[in-house]
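The residues making up each chain are set out below.
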Amino acid sequence: MKNILITGGAGFIGANFVTYFIEENPDINVINLDKLTYAGDLANLEEVAGHSRYTFVQGDICDSELVKALFEKYDFSDVIHFAAESHVDNSISGPEAFIKTNVTGTFNLLDAARKHWMTGPNQYKEGYETSRFHHISTDEVYGTLGATGLFTEETPYAPNSPYSASKAASDMIVRSYFHTYGMQVVTTNCSNNYGPKQHNEKLIPTIIRKAITGENIPIYGDGQNVRDWLYVLDHCKGIELVFKNGKPGETYNIGGRNERNNLYIANTICEILNELQPKETGSYKDQIVFVKDRPGHDLRYAIDATKIETELGWKADENFETGIRKTIAWYLNKLDKK
Ligand code: NAD
């Protein structure tokens, strides 16, 4: 049995990943290290809470003594690193936490792994030769696109928010551990995820929640900002493939080839809700309002996923229209249970 450290497993993508990965891999134990910030929620992990191969540790990835002690206690074979401050709006009002967790925290984990697995550059201790560090990152590191073009793994980094800058910095530190120490690292840069268990503050949960509670549905600017939407379970499958088969030192972009603008997202959600849970009068669309744009709001992100598709045979199963139905059904079911 291998012990794998997963960080940030109580957050949106981490919790979906832990739940998926533990079932798919009967030969691993998962140790989930999460600080439980406002974004972490143990309710996201109820499917695995009593699982014999699952352990939860509440703690901060910036706490180097704790991270070192966990490596000693569990002798991790690998690390899959999700933990981050992840909300762009929060990085504008309070950037410091982003630098601490995303930059210092990532460094801390990498360095603990290096010391536990290696004796020197390119020298792994016996038994750790296949150990790897998988860093989860974002396409926001590439900056913004105009109306055309796609981000590839070769696109130069040009982050525009404190969030994306902190993720870009962490990606570079991860890269340096491959080039300097020969550590087996892989990085995935994904587009906007959506699906069950996402925090209320993000766009899609906000639209669904506000629609149902009869509030205004706020859309930044003119609603024309485009994101490449990725259903979270498709992302989890992509991460697992890169973790197992990706080439050390490489980065892989993961995107659903599902470019949609924010106004389309809001309209589509309202149409599905009109069908599933009609209002007494009017349409949910009547609740959409345009609000002042976010500073530095990137116009468009879109990923060229050719590398992961051709090298590793990954492809998103869901398009936005099928994935959003599953997502809305999950939220309605959750609200029903309250
Ligand atoms: P999230 O905000 O939902 O969850 C983050 C988790 O990390 C939370 O459980 C939180 O408690 C934990 N955490 C935060 N600071 C910590 C610390 N110092 N120590 C330990 N745990 C800490 O985030 P998410 O949306 O699930 O994103 C996961 C990863 O994927 C992040 O690295 C993010 O940058 C990346 N990503 C997310 C998206 C997206 O659309 N959600 C897109 C691209 C990349």
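How each quantity is defined
- Residues numbered from 1 in each chain as written.
- Predicted model: local features only at pLDDT ≥ 70, side-chain atom pairs only at ≥ 80, totals over all residues.
- Helix = DSSP H or I, 4+ residues; strand = E, 2+ residues; numbered from the N terminus.
- Rg over C-alpha atoms; globule rule 2.2 N^0.38 Å.
- Buried ≥ 20, exposed ≤ 12 C-beta atoms within 10 Å, placed from the backbone.
- Contact = placed C-beta atoms within 7 Å.
- UniProt positions renumbered as here; feature names shortened; annotations may be inferred.
- Axes fitted to C-alpha atoms, helices over the stretch in contact; angles between N-to-C directions.
- Parallel < 35°, antiparallel > 145°, perpendicular 65-115°, else oblique.
- Left-handed = near helix turned anticlockwise from the far one by under 90°.
- Nonpolar A, V, L, I, M, F, W, Y, C, P; charged D, E, K, R; others polar.
- Near = placed C-beta within 6 Å.
- Pairing = 2+ DSSP bridges.
- pLDDT = per-residue confidence, 0-100.

Some remarks on the overall build of the chain
What the chain contains, in helices and strands, is ten helices and 15 strands. Its C-alpha atoms give the chain a radius of gyration of 20 Å, within 12% of the compact-globule value 20 Å for 338 residues. Along the first, second and third principal axes, the C-alpha set of the chain runs to 70 × 45 × 40 Å. Considering the chain as a whole, with its 338 residues, one finds that 45% of them fall into the buried category. Here the analysis covers contacts within the chain between residues at least 6 apart in sequence; of these, 82% occur between residues at least 24 apart.

What to know about the UniProt feature "domain: NAD(P)-binding" (unreviewed entry) in the chain
As recorded in UniProt, the sites labelled "domain: NAD(P)-binding" (unreviewed entry) are residues 5-327. End C-alpha atoms of residues 5-327 are separated by 28 Å, and the span's content is 39% helix alongside 18% strand.

Quick look at unusual backbone geometry
One non-glycine residue, Asp75, lies in the positive phi region at around 50°. Structurally, Asp75 can be placed in the loop between α2 (64-74) and β4 (78-81). A count of 12 C-beta atoms within 10 Å places Asp75 in the exposed class. Unusually for a residue other than glycine, Lys197 sits at a positive phi of about 75°. By the secondary structure assignment, Lys197 is in the loop between β9 (193-194) and α6 (203-213). Overall, Lys197 belongs to the buried group, with 22 C-beta atoms counted inside 10 Å.

Looking at the environment of Phe76
Position of Phe76 relative to the elements: it lies in the loop between α2 and β4. When the 26 C-beta atoms within 10 Å are taken as the criterion, Phe76 is described as buried. As for Phe76 and Leu5, which are separated by 71 residues in sequence, their C-alpha atoms are 6.2 Å apart. Look past the residues within four positions of Phe76 in its chain and what remains in contact with it is Asn3, Ile4, Leu5 and Phe71.

Observations regarding the packing of helix α8 (residues 262-276) against helix α10 (residues 320-337)
Viewed as axis vectors pointing N to C, α8 and α10 meet at an angle of 55°, and their least axial separation amounts to 11 Å. With respect to their mutual orientation, α8 and α10 come out oblique. The two elements α8 and α10 meet at a crossing, and its hand is right-handed. Across from Thr268, Ile269, Ile272, Leu273 and Leu276 in α8, the residues of α10 making contact are Glu321, Ile324, Arg325, Ile328 and Leu332. Of the residues that constitute the contact of α8 with α10, the class distribution is seven nonpolar, one polar and two charged.

Comments concerning the site of the ligand
Residues in close proximity to the ligand total 30 residues, the closest being Gly8, Gly11, Ala39, Gly40 and Ala84. Counting residues per element, the shell around the ligand draws most heavily on helix α1 (residues 12-24), which supplies three residues.

Focus: the sheet that holds β4
On the basis of which strands lie adjacent, the open sheet formed by seven strands has the order β3-β2-β1-β4-β7-β8-β13 and parallel pairing. Of all strands in the sheet, those with a lone pairing partner are β3 (54-58) and β13 (251-254), marking the two edges. Here the strands of the sheet are splayed against their neighbours by 20° on average, with no regard to which way each runs. Across six bridges, the pairing between strand β1 (residues 2-7) and strand β2 (residues 28-34) is parallel. In the sheet register, Asn3 faces β2, and the bridge partner there is Asn29. The strands touched by helix α5 (residues 162-181) within the sheet are β7 (133-138) and β8 (185-190), with β7 carrying the most contacts at an inclination of about 155°.

Considering the packing of α2 against helix α4 (residues 96-117)
Two elements in contact, α2 and α4, have axes separated by 10 Å at closest approach and are oriented at 35°. Crossing hand, α2 versus α4: right-handed. Here Ser64, Val67, Lys68 and Phe71 of α2 come into contact with α4, specifically with Asn108, Leu109, Ala112 and His116.

So, the confidence of the model for the chain
Confidence along the chain averages 96 in pLDDT terms, with 100% of residues attaining 70 or more. The ipTM assigned to the predicted complex is 0.99, against a pTM of 0.96.

Let's talk about the environment of Glu201
Within the secondary structure, Glu201 sits in the loop between β9 and α6. In this structure the C-alpha to C-alpha distance between Glu201 and Asp171, which are 30 residues apart in sequence, comes to 25 Å. Residue contacts for Glu201: discarding those within four places in its chain leaves His87 and Thr206.

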